[in-house]
Amino acid sequence: MTDCKKCGQPAAIYLTRYGLGFCSDHFLEFLRNKVKKSIHKYKLLNPYDRIAVALSGGKDSAVLLHILDSIYSEALDLIGLHINLGIEPSNYSKISLNLARELCSDLGREFYCVDLRKEYRISMDLVEKKEKQLKRSLCGICGTFKRYLLNKYSLELDCEKIATGHVLDDEVSVLLMNMINGNVEQLVRTGPNLIAKNEIMITRIKPLYEISELETMIYAQFANLKIQDVECPYSKGASSLKYKKLYLMFENQLPGLGITFLHNFHKKILGPLQEYYQTTREKVRICAICGGPTSETVCAFCNIRKILTRNE
Ligand code: AMP
Ligand code: FES
Ligand code: ZN
Ligand code: ZN
């Protein structure tokens, strides 16, 4: 049995990739330090920033809020922001909302929830019913909803930035997917620090950018975080999950491949790609319906909502 590298107590976890064992307390400390390093490296935060933390009710965003709260107890104004997507099967949305709210209350942080049904008379349940008319995957539409609402409400809540719980596995698998499918537009918009280009957009940061999903899973367990453990009923068969599996297959064969890929992409590929793309890129426009950011006349959110509320 291995001992904790820090205190010599029996280790609760052995991290093969680093060849290190930790007791539970020192694993929590190890991960917080790792996140702190990413925050400094990518210049993600400034003292006394007001940060909206996008809370899904799941483990990654719960770990994110818990870590930010532990590292910067007084130095950051953190507010939990949850989108109630209106998913009734498995009581999914209700459970997610309660977990997100409870975490903020336990940590003494402000909490805000946007309810798609109440605010916009739409829901993911309605999207599922009208999937054929929408001609897009459920997860893709859900992603549009989340991006739109997180941007809008974090600005309304007077936040400087929004932090999401995207982890290394998410970033690498999305990069892979976009490279394989040649989605240049999405490729130039990746990274841990997506700085807002105008006042109708908010800066999006990903403090868990270099943390693996396995690490957040262990952290959630050791910190006794209550998290949503049911899989979203609409995510079955989602292509993002297939690319994640593909990435994990690579990672199993070549441990460390993911982080090397991310670092190389950002150091060597992203810069020239952005430079090239800037010359051909359209400017951000203002949606004719809601005033939000878009590259077309009407934004994707308003277009989907128009279809969903037709014949109401
Ligand atoms: P996903 O899009 O499900 O891969 O989640 C990525 C990140 O988006 C999560 O770590 C959260 O920070 C954020 N997020 C996902 N779902 C929600 C939600 N319902 N409300 C607020 N934030 C969310
Ligand atoms: Fe968006 Fe499941 S959470 S489709
Ligand atoms: Zn220890
Ligand atoms: Zn719009």
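These remarks concern the structure in this document. Treat the numbers as computed from the prediction; the structure is a model and nothing was measured.

Here we come to the pairing of strand E5 (residues 110-115). Here strand E4 (residues 77-84) pairs with E5 via six bridges, running parallel. In the strand pairing of E5, Ile83 is matched with Val114. Once you follow E4 into helix H3 (residues 92-107) and on to E5, the crossover reads as right-handed.

A few words on the site of ligand 1. Around ligand 1 there are 13 residues in total, and Ala54, Leu55, Ile83, Lys146 and Gly165 lie nearest to it. Here an oxygen atom of ligand 1 and a backbone polar atom of Ala54 are 2.7 Å apart. Take Lys146: an N or O atom from its side chain is 3.3 Å from an oxygen atom of ligand 1. Starting from 480 Å² of accessible surface for ligand 1 in isolation, the protein chains cover 77%. Of all the secondary structure elements, the ones that give two or more residues to the shell around ligand 1 are E4 and helix H7 (138-156). Of all the elements, E4 adds the most residues to the shell around ligand 1, at three residues. For the shell around ligand 1, the class distribution of residues is six nonpolar, six polar and one charged.

To continue, consider the coordination of the zinc ion (ligand 4). In this structure, Cys287 (SG), Cys290 (SG), Cys299 (SG) and Cys302 (SG) serve as the protein donors to the zinc ion (ligand 4), at separations of 2.3 to 2.4 Å. Angles of 104 to 115 degrees at the metal separate the four donor atoms of the zinc ion (ligand 4), which places the site in the tetrahedral class.

Another aspect to go through is the coordination of the zinc ion (ligand 3). The protein atoms donating to the zinc ion (ligand 3) are Cys4 (SG), Cys7 (SG), Cys23 (SG) and His26 (ND1), with metal-donor distances spanning 2.1 to 2.3 Å. Classification of the site at the zinc ion (ligand 3) as tetrahedral follows from its four donor atoms and the range of 97 to 115 degrees in their angles at the metal. Mapped onto the sequence, the donors of the zinc ion (ligand 3) take the spacing C-x2-C-x15-C-x2-H. With a gap of 22 residues between them, Cys4 in the segment before strand E1 (13-15) and His26 in helix H1 (residues 24-41) connect regions that are remote in the sequence. Cys4 gets classed as buried once you look at its relative accessible area, which sits at 3%.

Bringing the packing of aromatic side chains into the picture now. Counted according to the given criterion, the structure contains nine aromatic pairs. Arranged with centres 6.1 Å apart and planes meeting at 40 degrees, the rings of Phe27 and Phe30 form a pair that is tilted. Of the two residues, Phe27 and Phe30 are both situated in helix H1; the distance of three residues between them amounts to about one turn of the helix. Here Phe27 and Phe30 have matching classes, each one buried. Taking 5.1 Å as the distance between ring centres and 80 degrees as the angle between the ring planes, the aromatic pair formed by Tyr120 and Phe301 counts as edge-to-face. Of this pair, Tyr120 sits in helix H4 (residues 116-120) while Phe301 sits in helix H13 (residues 300-308), and the two are 181 residues apart along the sequence.

A few words on the pattern of salt bridges. This structure, assessed with the given rule, holds 18 salt bridges. When the shortest N-O distance is used, the salt bridge between Asp60 and Lys59 registers 3.3 Å. Take Asp60 and Lys59: they sit in the same class, and that class is buried. A salt bridge links Lys206 to Glu171, with the nearest nitrogen and oxygen atoms 3.2 Å apart. One end of the pair, Lys206, is in the loop between strand E8 (203-205) and helix H10 (213-222); the other, Glu171, is in helix H8 (residues 168-180), and 35 residues separate them in sequence. The two residues Lys206 and Glu171 agree in class, both being buried.

Below, the discussion takes up the environment of Ile180. By secondary structure assignment, the location of Ile180 is in helix H8. Classification of Ile180 as exposed rests on a relative accessible area of 52%. Spatially, the C-alpha atoms of Ile180 and Ile269 are 15 Å apart, while their sequence positions differ by 89 residues.

A word on the sheet that holds E8. Taken in spatial order, the six strands line up as E5-E4-E3-E6-E8-E7 in an open sheet, and their pairing is mixed. Taken across any chain shown, the strands that pair with only one partner, and hence form the sheet edges, are E5 and strand E7 (193-194).

Locating Gly57 in the fold gives a position in the loop between strand E3 (50-54) and helix H2 (59-71). You can call Gly57 buried: its relative accessible area is 6%. Sequence-distant contacts of Gly57, defined by excluding residues within four places in its chain, comprise Ser96, Leu99, Ala100, Ile227 and Gln228.

Moving on: H13. Taken together, the buried positions of H13 are occupied by Phe301, Cys302, Ile304, Ile307 and Leu308. Elements in contact with the buried residues of H13: H4, helix H5 (124-129), helix H6 (131-134) and H7.

Before going further, it helps to examine the nonpolar core. Counting 50 residues, the largest nonpolar core has Phe27, Leu45, Val53, Leu68, Tyr219 and Leu225 as its most contacted members. Elements with a contribution of two residues or more to this core: H1, E3, H2, H3, H8, H10 and helix H12 (257-280). Contacts of Phe27, omitting those with residues within four sequence positions, involve Ile13, Leu15, Phe22, Glu215, Ile218, Tyr219 and Phe222. One finds Leu85, Leu116, Leu138 and Ile141 within the second-largest nonpolar core, a separate group that totals 38 residues.

Rules used throughout
- Residues numbered from 1 in each chain as written.
- Chains lettered and ligands numbered in written order.
- Predicted model: local features only at pLDDT ≥ 70, side-chain atom pairs only at ≥ 80, totals over all residues.
- Heavy atoms only, no water.
- Pairing = 2+ DSSP bridges.
- Helix = DSSP H or I, 4+ residues; strand = E, 2+ residues; numbered from the N terminus.
- Right-handed = clockwise from strand over helix to strand, strands pointing away.
- Near = heavy atom within 4 Å.
- Polar contact = N/O pair within 3.5 Å; in protein donor to acceptor, adjacent residues only side chain to side chain.
- Areas by Shrake-Rupley, 256 points an atom, 1.4 Å probe, with all protein chains shown as cover.
- Nonpolar A, V, L, I, M, F, W, Y, C, P; charged D, E, K, R; others polar.
- Donors = N, O, S within 2.8 Å, 3.2 Å for Na, K, Ca; no water.
- Tetrahedral: all angles 85-135°; square planar, octahedral: opposite > 155°, others 65-115°.
- Buried < 20%, exposed > 50% of the residue type's maximum accessible area, 1.4 Å probe, protein only.
- Phe/Tyr/Trp six-rings, centres within 6.5 Å; stacked < 30°, edge-to-face > 60°.
- Salt bridge = Lys/Arg side-chain N within 4 Å of Asp/Glu carboxyl O.
- Contact = heavy atoms within 4.5 Å.
- Core = buried A, V, L, I, M, F, W, Y, C linked by side-chain atoms within 4.5 Å.

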